[in-house]
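# Tertiary structure, described
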Amino acid sequence: MNRLKDILAKYGVAILAIFHLVGLIGLFFIDQFIFASLTPLIMLISAGVVIAAEKGRRKGLFIVLIFAFLFGYIIELIGTKTGFPFGKYQYGTSLWPRIFGVPLIIGVNWFLITMGAGYFIRYIFKHSWTRILFATVLMVMLDVFIEPLAEPLGFWRWEGGVIPILNFIGWFGVSLVMQIVFYVFLNKHENKVAPAYFIMVAIFFMCLNIVI
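Below you will find a few notes about this structure. The residue count restarts for each chain, going from 1 along the sequence in the order it is written. Local features are withheld for residues below a pLDDT of 70 in this predicted model, meaning they are given only at 70 or higher, and side-chain atom pairs are given and counted only at 80 or more; totals for whole chains, interfaces and linings count all residues. With hydrogens and water set aside, each side-chain value is computed from the structure's full complement of heavy atoms.

Time to look at the packing of aromatic side chains. Centre distance within 6.5 Å is the pairing criterion for rings of Phe, Tyr and Trp, where only the six-membered ring of Trp is used; planes under 30 degrees apart are then read as stacked, over 60 as edge-to-face, and the remainder as tilted. Scanning the model with the defined rule gives eleven aromatic pairs in all. When the ring of Tyr-91 is compared with that of Trp-156, the centres are 6.0 Å apart and the planes differ by 80 degrees; the resulting orientation is edge-to-face. Placement of the pair is Tyr-91 in strand S1 (residues 89-91) and Trp-156 in strand S4 (residues 156-158), with a sequence separation of 65 residues. Ring plane angle 80 degrees and centroid distance 5.3 Å describe the contact between Phe-204 and Phe-205, whose orientation is recorded as edge-to-face. Owing to a relative accessible area of 10%, Phe-205 belongs among the buried residues under this scheme. Ring pairing ties together the aromatic residues Phe-86, Tyr-89, Tyr-91, Phe-155, Trp-156 and Trp-158, which thus form one cluster. By definition, any uninterrupted DSSP run of H or I lasting at least four residues is a helix, any uninterrupted run of E lasting at least two residues is a strand, and each is numbered from the N terminus. Partly exposed residues are those whose accessible area sits between 20% and 50% of the maximum for their type, while under 20% is buried and over 50% is exposed, using a 1.4 Å probe and protein chains only.

Counting residues in each nonpolar core, the largest one holds 63 residues, and the members touching the most others are Trp-110, Phe-111, Met-115, Trp-156 and Phe-205. Counting residues per element, this core draws most heavily on helix H8 (residues 193-211), at eleven residues. Each residue touching Phe-205, except ones within four places of it in the same chain, is listed here: Phe-145, Ile-146, Leu-149, Leu-153 and Phe-155. Side-chain atoms within 4.5 Å are what join buried Ala, Val, Leu, Ile, Met, Phe, Trp, Tyr and Cys residues into a set we call a nonpolar core. The contact definition used throughout considers only heavy atoms, calling two residues in contact when any of these lie within 4.5 Å.

A separate point is the environment of Val-144. Its location among the elements puts Val-144 in helix H6 (residues 128-150). The partly exposed category is assigned to Val-144, whose relative accessible area is 42%. The spatial distance from the C-alpha of Val-144 to the C-alpha of Ala-202 is 10.0 Å, given a sequence separation of 58 residues.

Another point: H8. Spanning 19 residues, H8 covers 27 Å between terminal C-alpha atoms, matching the ideal 27 Å at 1.5 Å per step. Those residues of H8 that sit buried are Val-193, Ala-194, Pro-195, Ala-196, Tyr-197, Phe-198, Met-200, Val-201, Ala-202, Phe-204, Phe-205 and Leu-208. Of the surrounding secondary structure, the elements contacted by the buried residues of H8 are helix H1 (2-30), helix H3 (39-52), helix H5 (105-120) and H6. In a helix, the anticipated span is given by 1.5 Å times the number of residues less one.

Moving on, we get to the packing of helix H4 (residues 58-82) against H5. In this analysis an axis means a line fitted to C-alpha atoms, helices contributing only their contacting stretch, and an angle means the value between N-to-C directions, from 0 to 180 degrees. Look at H4 against H5: their axes get within 7 Å of each other, and the N-to-C directions meet at 130 degrees. By the angle class used here, H4 and H5 are oblique. Considering the relative orientation of H4 and H5, their crossing is right-handed. Listed contacts from H5 to Leu-61, Val-64, Leu-65, Ala-68, Phe-69, Gly-72, Tyr-73 and Glu-76 of H4 are Ile-106, Gly-107, Val-108, Trp-110, Phe-111 and Met-115. In the scheme used here, Gly and all other residues not listed as nonpolar or charged are polar, with Ala, Val, Leu, Ile, Met, Phe, Trp, Tyr, Cys and Pro taken as nonpolar and Asp, Glu, Lys and Arg as charged. When grouped by side-chain class, the residues that make up the contact of H4 with H5 number eleven nonpolar, two polar and one charged. Should an angle fall under 35 degrees it is called roughly parallel, over 145 degrees roughly antiparallel, and 65 to 115 degrees roughly perpendicular, with every other angle called oblique. In this scheme the crossing of two helices becomes right-handed for a clockwise turn of the near helix relative to the far one and left-handed for an anticlockwise turn of less than a right angle.

Looking at the secondary structure, you find Ser-94 in the loop between S1 and strand S2 (98-99). From its side chain, Ser-94 meets the backbone oxygen of Leu-153 in a polar contact 2.6 Å long. When residues no more than four places from it in sequence are discounted, the contact partners of Ser-94 are Ala-36, Ser-37, Pro-40, Leu-153, Gly-154 and Phe-155. Polar contact is the term for a pair of N or O atoms within 3.5 Å; when the atoms are in protein, one must be able to donate a hydrogen and the other to accept it, and sequence-neighboring residues count only if both atoms are side-chain atoms.

Attention shifts here to a nonpolar patch on the surface. Side chains of Phe-62, Ile-66, Leu-70, Ile-74, Ile-78 and Phe-84 sit close together on the surface and give an oily, nonpolar patch of about 560 Å² of accessible area. Mapped onto the elements, Ile-78 comes out in helix H4. On the basis of relative accessibility, which here comes to 35%, the residue Ile-78 falls in the partly exposed class. By definition, no residue in a patch forms a salt bridge, and every one has over 30% relative accessible area; like charges are joined within 9 Å, nonpolar side chains (Val, Leu, Ile, Met, Phe, Trp, Tyr) within 5 Å. All accessibility values rest on the Shrake-Rupley procedure with a 1.4 Å probe; residue burial counts only the protein chains present in the view. A pair is scored as a salt bridge if a Lys or Arg side-chain nitrogen falls within 4 Å of a carboxyl oxygen belonging to Asp or Glu.

Topologically, Asn-167 is positioned in helix H7 (residues 165-186). Side chain to side chain, Asn-167 and Glu-147 meet in a polar contact 3.2 Å long. What Asn-167 contacts, discounting residues up to four positions off in sequence, is Phe-86, Asp-143, Glu-147 and Trp-158.

What follows concerns the environment of Gln-32. Looking at the element boundaries, Gln-32 is found in helix H2 (residues 32-37). For the pair Gln-32 and Gly-154, spaced 122 residues apart in sequence, the C-alpha separation works out to 9.7 Å. When residues no more than four places from it in sequence are discounted, the contact partners of Gln-32 are Gly-26, Leu-27, Pro-152, Leu-153 and Ile-212. Within the structure, the side chain of Gln-32 is placed 3.0 Å from the backbone oxygen of Pro-152, a separation counted as a polar contact.

Right, let's talk about unusual backbone geometry for a bit. Omega for the bond connecting Phe-84 with Pro-85 falls within 30 degrees of zero, at 10 degrees, which places this linkage in the cis form. As for its position among the elements, Pro-85 is in the loop between H4 and S1. Following Trp-96, the chain continues to Pro-97 via a peptide bond in cis, the omega torsion being -10 degrees. As for its placement among the helices and strands, Pro-97 is situated in the loop between S1 and S2. We note that Phe-100 has phi near 55 degrees; this positive angle belongs to a residue other than glycine. Assignment of secondary structure puts Phe-100 in the loop between S2 and strand S3 (102-103).

Okay, structure coming up:
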């Protein structure tokens, strides 16, 4: 187990880069539906690699993981049932499995992008609240690139086919909470894979926006 962890930590960036490159090729040239439906699997692998690369006390990491997963899932469940805080939307078939209409993998997604933005912003800012604020903004900016592709890829669909401004306001609020928790528990940790993952995902969706 320790050997596998060392391999994932050492070659994690390369592993994730290969997966995302294959994903782009598959979506562009092979079968959009099939490769979009592989998204949950790629997220699980990515989460495993990011966790393996974490340097610091495991307690803090698992607190952030459990919080991001549960809070992310619950807020999405509330969102699909009430329209708050993102607006009215429903999930498609590409993200699976689902409980009460919400994919379980969505909690993993919140964990991954929280980790990615939180660690990436450390290369730019030093002050605690500056890090929290700009990491939050980064998460919202990533969603700006994801949203136009959500329906074509079968992720989710907005009522009326229009992305509401409320969605980005909601994303800011949820992301802010996530980043506060991240800072409290992982401020003294290190992870070289997480920021690379965030950059890959951003580039991935930027490329998709050009083609799809």
